[in-house]
Amino acid sequence: MKDLAKGVNVADVHYSPRLKISFKLDPKFKQQQTVIVQPEEDFMLEGIQVTLEQVELSPLMIRTVFKIKNESEVTWQNRQKIFGVAYGEKIQSITKHGTTEIGSSLGSGTDEGFEHYFGSNLLDKPESMNMIMKTGEGKNTREINLPILP
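> Before we move on, can you summarise the packing of aromatic side chains with the specific residues and values?
This structure, assessed with the given rule, holds three aromatic pairs. For the pair Phe66 and Phe114, a centre-to-centre distance of 4.6 Å together with 20° between the ring planes defines the contact as stacked. With Phe66 in strand β4 (residues 62–68) and Phe114 in strand β7 (residues 113–118), this residue pair connects regions lying 48 residues apart in the sequence. An identical accessibility class is assigned to Phe66 and Phe114; each is buried. Every member of this aromatic cluster is reached through a ring pair, and the members are Phe43, Phe66, Phe83 and Phe114.

What follows is the structure, given as structure tokens:
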């Protein structure tokens, strides 16, 4: 593998064995149960009515599920359009310690819309949580604010 310009001989490539690491999870993660809320908050994305249907809150992760409200609008093109139009998704969480913004770590399309995953601060016992999404560009930029927890 000294001369990469000639290519790599697969026989010369070796991988390390898998590392198996065990650790104990703090009991506070087991005490806090996963909570599922259904905000049913409607909003518009690219002329398509979308619903924040479900939010799964756990100590390690927050999962948000968005669906196209009208079944007749559930098409491949519409799902692609709404998945790509929103950016800067974050959850704003207010606790007794102040305001925290949690960014989206992962998102994917679904058969009826899309879902996003975030880190979680559920163990901080948030007083309220809002999902904030940005859409548009330049003068057409707007912010959508969806309450998750009152």
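> Tell me about the pattern of salt bridges, and name the residues and values.
Should the charged atoms of two oppositely charged side chains come close, the side chains can pair. Enumeration according to the criterion identifies six salt bridges in this entry. In this structure, Asp42 and Lys69 form a salt bridge, with 2.9 Å as the shortest nitrogen-oxygen distance. Placement of Asp42 in strand β2 (residues 41–45) and of Lys69 in the loop between β4 and α2 (76–85) is noted, with a sequence separation of 27 residues between them. On the basis of relative accessibility, which here comes to 32%, the residue Asp42 falls in the partly exposed class. Among the ionic pairs, Glu112 bridges to Lys67, the shortest N-O distance being 2.8 Å. Residue Glu112 is found in the loop between β6 (98–109) and β7, and its partner Lys67 is found in strand β4; the two are separated by 45 residues along the sequence.

> If you had to explain the nonpolar core to someone new, which residues and values would you point to?
Membership of the largest hydrophobic core comes to 26 residues, with the highest contact counts inside it found for Phe66, Met133 and Ile148. Secondary-structure elements contributing two or more residues to this core are β2, β3 (48–57), β4, α2, β7, β8 (128–135) and β9 (142–149). Element by element, the count of residues in this core is highest for β3, at five residues.

Cut-off values and rules
Residues numbered from 1 in each chain as written. Predicted model: local features only at pLDDT ≥ 70, side-chain atom pairs only at ≥ 80, totals over all residues. Heavy atoms only, no water. Phe/Tyr/Trp six-rings, centres within 6.5 Å; stacked < 30°, edge-to-face > 60°. Helix = DSSP H or I, 4+ residues; strand = E, 2+ residues; numbered from the N terminus. Buried < 20%, exposed > 50% of the residue type's maximum accessible area, 1.4 Å probe, protein only. Salt bridge = Lys/Arg side-chain N within 4 Å of Asp/Glu carboxyl O. Core = buried A, V, L, I, M, F, W, Y, C linked by side-chain atoms within 4.5 Å.

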